[in-house]
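# Structure assessment
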Amino acid sequence: MASNSSESRASTEVPAPYGNGPAPQGQAPERKPAKVRIHHLQQAKREGTRFAMLTAYDQYTAEIFDAAGIEVLLVGDSASNNVFGNETSLPVTVDELLPLCRAVARTAKRALVVADLPFGSYEVSAEQAVATGVRFLKEGLAHAVKIEGGAFYAPTVRAMVQAGVPVMAHIGFTPQSEHALGGYRVQGRGDDARRLIDDAVALADAGAFCVLMEMVPAETAAAVDAAVDVPTVGIGAGKETTGQVLVWQDMAGLRGGRMAKFVKQYANLRSTLMEAATAYGEDVRSGQFPGPEHSF
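Residues numbered from 1 in each chain as written. Predicted model: local features only at pLDDT ≥ 70, side-chain atom pairs only at ≥ 80, totals over all residues. Heavy atoms only, no water.

What follows concerns the overall build of the protein. Assigned secondary structure in the protein consists of 12 helices and eight strands. Scaling as 2.2 N^0.38, a compact globule of 296 residues should have a C-alpha radius of gyration of about 19 Å, and the protein matches this with 21 Å. C-alpha extents for the protein along the principal axes are approximately 65 × 55 × 40 Å. The burial tally for the protein puts 44% of its 296 residues in the buried class. Excluding contacts between residues fewer than 6 apart, the proportion of contacts in the protein whose partners are at least 24 apart in sequence is 59%. For the protein, the accessible area works out to roughly 15900 Å², and carbon and sulfur atoms hold 54% of it. Side chains of the protein give 27 positive and 33 negative charges; the mean places of these two sets differ by 4 Å. (Helix = DSSP H or I, 4+ residues; strand = E, 2+ residues; numbered from the N terminus. Rg over C-alpha atoms; globule rule 2.2 N^0.38 Å. Buried < 20%, exposed > 50% of the residue type's maximum accessible area, 1.4 Å probe, protein only. Contact = heavy atoms within 4.5 Å. Areas by Shrake-Rupley, 256 points an atom, 1.4 Å probe, with all protein chains shown as cover. Lys, Arg positive; Asp, Glu negative; His and termini not counted. Charge placed at Lys NZ, Arg CZ, Asp CG, Glu CD.)

Rendered as C-alpha cells:
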C-alpha cells in the first residue's frame, strides 16, 4: 500500500517524540518496521488498492501473520467460538479478550491491531462504550476497536472517536445480534440494501475509520463501498470492498465441520496436526521417543 506520491513523502511517520524507552546498554535503538496506520487503509481506498485482515488471538499467529504481510489483525470476539469453546460469540467477556489482545499487540511489529468490543460492553451508553474502548487501548494495547450495529450507534461512535478511540464499524450480519436477527441470515437483500447504505454513511460521518460488512450481497456491498469515503472490509460481501477478513482457523483449515460459503481454505492444518499428534503418541507408546538424540 506504499505510495510514491509527494503527499505520502510529506507525511512520512517520524520517530515517537517522547521516545520508546531506553535501548540496552551499548546498543543502538532497534529500528522498527513501519507500522500500518489508519491513514494507510484510507490511502488504499483512495488509490483503489486492497489490504488483508485476519483474526489472531495469540503470540504465534500474530507473529506469523505479521511477517506474512497481513495488514490488519483482528482480536475478534470470535475467540469465544475459536478459543474458549463456546457455541457463539455472545459469552466472551472483556476480561477474557484483554489478555489475548495484549499478546497480539505485543507481538505484531507492523500490523494494525483491532479489538472487538464484546456483547454487553458498549450497548448501554456512549459512556460505557468509551470506557470499554479505553480499556482495550490501555490494557489490551490495541490500536483501534470494532463495534457492531447500524446508524443507531452513530452517537456512540462519535463519542468514542472524540475520546481518542479509533472505531471500525460492523454492519450487515452482526453475530452479537444473532437472536434478534433470527439466526445466521444474509442482510441487505432487495429493499433492505438502502438501510445498510444509510447505516454505513451515518457511521462514517460519525467518525468510523472503516466499515466492515458481513454476509451482504456483493451488489449491496459495492453500493455501500461507493457511498462512503472510508475503506470497507468484507466477509461474505463480494470483492468490491477495500479489504477482506477471515477467521484464521477457517482460512488455514484448523476448524472442522461445515464451512460458510464465503470461506476459502488455504491449508489443512487440522489434518497436519492430527497426523503429528498421532505419530507422537505412537512413538511414545512404542518407546521410540525420546531417543538417544533427545536425551542428556
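There's more to say after this.
Right, let's talk about the packing of aromatic side chains for a bit. Overall, the coordinates contain five aromatic pairs when judged by the stated rule. With 4.7 Å between their ring centres and 40° between their planes, Phe173 and Tyr184 make a pair best called tilted. In this pair, Phe173 is assigned in the loop between strand S5 (167–172) and helix H8 (178–181) and Tyr184 in the loop between H8 and helix H9 (193–205), connecting sequence segments 11 residues apart. Phe173 sits in the buried class, given a relative accessible area of 0%. (Phe/Tyr/Trp six-rings, centres within 6.5 Å; stacked < 30°, edge-to-face > 60°.)

Another aspect to go through is helix H5 (residues 94–107). In this model H5 runs 20 Å from its N-terminal to its C-terminal C-alpha over 14 residues, within 8% of the 20 Å that 1.5 Å per residue would give. Those residues of H5 that sit buried are Val94, Leu97, Leu98, Leu100, Cys101, Val104, Ala105 and Thr107. Residues of H5 that are buried in the fold lie against helix H3 (59–67), strand S2 (72–75), helix H4 (79–82), strand S3 (112–116) and helix H6 (126–138). (Expected span 1.5 Å × (residues − 1).)

Strand order in the closed barrel made by the eight strands is S1-S2-S3-S4-S5-S6-S7-S8, with parallel pairing throughout. Each adjacent strand pair in this sheet contributes to an overall mean axis angle of 25°, direction not counted. Bridge count between S3 and strand S4 (residues 144–148): three bridges; the pairing is parallel. Pairing of Asp116 across the sheet is with Lys146, part of S4. Contacts between H9 and the sheet are confined to S5 and strand S6 (210–214), with S5 contributing the most and set at about 170° to the helix. (Pairing = 2+ DSSP bridges. Axes fitted to C-alpha atoms, helices over the stretch in contact; angles between N-to-C directions.)

Before going further, it helps to spend a moment on the packing of H6 against helix H7 (residues 154–162). For the pair H6 and H7, the least separation of the axes is 9 Å and the interaxial angle reads 45°. In this view, H6 runs oblique relative to H7, as classed from their interaxial angle. Here H6 runs over H7; the crossing is right-handed. Every residue of H7 that contacts H6 at Ala126, Ala129, Val130 and Gly133 is listed here: Thr156, Ala159 and Met160. Of the residues in the contact of H6 with H7, the class split is five nonpolar, two polar and no charged. (Parallel < 35°, antiparallel > 145°, perpendicular 65-115°, else oblique. Left-handed = near helix turned anticlockwise from the far one by under 90°. Nonpolar A, V, L, I, M, F, W, Y, C, P; charged D, E, K, R; others polar.)

Attention now moves to the pattern of salt bridges. According to the stated counting rule, one finds eight salt bridges in the structure shown. For the salt bridge of Asp116 with Lys146, the shortest nitrogen-to-oxygen distance reads 2.6 Å. On the criterion of sequence distance, the pair formed by Asp116 in strand S3 and Lys146 in strand S4 is long-range, its members being 30 residues apart. Its relative accessible area of 2% is what places Asp116 among the buried residues. (Salt bridge = Lys/Arg side-chain N within 4 Å of Asp/Glu carboxyl O.)

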